[in-house]
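Residues per chain, in single letters:
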Amino acid sequence: MKTIGLIGGMSYESTLSYYKIINKIINEKLGKLHSAKIVLASVDFEEIEECQRENDWQKASEILTYHALLLQKCGVDFILICTNTMHKCYNDIQKNIQIPILHITQAIFLELKKQNIDKVLLLGTKYTMVEDFYKQLLITSNIEVFIPKNDDIVKVNDIIFNELCKGVIKEDSKKYFDNLIIQFPQAQGVILGCTELGLIIDKSSKKLFDSAYIHAKVAALKALGIE
């Protein structure tokens, strides 16, 4: 079994999901008391979120690269950045280490392709929804990506940072997401493009593509040599 490196803490709530999903899949595949070989480097999310607010992505890349190098020294075979937004720094981190980082959008694309989905609603932080670093891979692969209007982008971002990242699940917010998804009848599925969104959006009339689950599953199977 290969050893998985996780850069977590962004937020700690979603990192818990990664750990649980990976270990559950490993145990289902191997049985007995088997669990995953994982090394976790967990950052202080406040430092990262401050970089986001100040548009200092270079500093954010340096922080995550430091943790990636720690994981490399620990002998992990590959790394997951346990968040969608910070894949904006993916190239800067990858070029400074010798082991692969499994890109979250690539994992989602492969799942969409497998299920013949080519029209999706993307929900996530404002950075993930608005900027190209995340959705461009999907668009260039002939996936049509819809995002909410500006007011909803602000609302979704607020729920993520002020509720979900703190482990707060509000019924009003659940209803809000239900109503938001209904506004996109043309979408065949919804990408939960923030690793916390699976905490609040757990059922829908559309297919849900939970980025945390999909990313973690790819990691578990890769660790077992099933790709």
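What you see is a predicted model; the values in this text were computed from it and never measured. (Residues numbered from 1 in each chain as written. Predicted model: local features only at pLDDT ≥ 70, side-chain atom pairs only at ≥ 80, totals over all residues. Heavy atoms only, no water.)

What to know about the nonpolar core
1) Next: Within the largest apolar cluster, 47 residues are counted, with the highest numbers of intra-cluster contacts made by Ile-7, Met-10, Ile-79, Met-86, Leu-123, Phe-177 and Leu-197.
2) Next: With 6 residues, the top contributor of residues to this core is helix 3 (residues 57–73).
3) Next: When residues of this core are assigned to domains, at least three fall in each of domain 1 (4–103 + 214–224) and domain 2 (105–210).
4) Next: Excluding its chain neighbours within four sequence positions, the residues that come into contact with Leu-197 are Leu-123, Gly-124, Ile-160, Leu-164, Phe-177 and Leu-192.
5) Next: Leu-80, Ala-107, Leu-122 and Ile-214 belong to the second largest nonpolar core, which has 33 residues in total. (Core = buried A, V, L, I, M, F, W, Y, C linked by side-chain atoms within 4.5 Å. Buried < 20%, exposed > 50% of the residue type's maximum accessible area, 1.4 Å probe, protein only. Helix = DSSP H or I, 4+ residues; strand = E, 2+ residues; numbered from the N terminus. Domains from an automatic or database assignment. Contact = heavy atoms within 4.5 Å.)

As for the domain arrangement of the protein
1) Next: Taken domain by domain, the protein consists of domain 1 (4–103 + 214–224) and domain 2 (105–210).
2) Next: Inter-centroid distance (C-alpha atoms) of domain 1 to domain 2 is 20 Å.
3) Next: Each partner contributes residues to the interface: domain 1 has 22 residues there, and domain 2 has 24 residues.
4) Next: Where domain 1 packs against domain 2, one counts 1 salt bridge.
5) Next: As a salt-bridge pair, Glu-131 and Lys-88 come within 2.5 Å of each other at their nearest N and O atoms.
6) Next: Our count for the contact surface shared by domain 1 and domain 2 stands at 13 residue pairs in polar contact (both at pLDDT 80 or more).
7) Next: Elements represented by at least two residues in the side of domain 1 that touches domain 2 include exactly helix 1 (12–30), helix 2 (45–53) and helix 10 (211–223).
8) Next: The dominant element in the side of domain 1 that touches domain 2, judged by the number of residues it contributes, is helix 1, at 5 residues. (Salt bridge = Lys/Arg side-chain N within 4 Å of Asp/Glu carboxyl O. Polar contact = N/O pair within 3.5 Å; in protein donor to acceptor, adjacent residues only side chain to side chain.)

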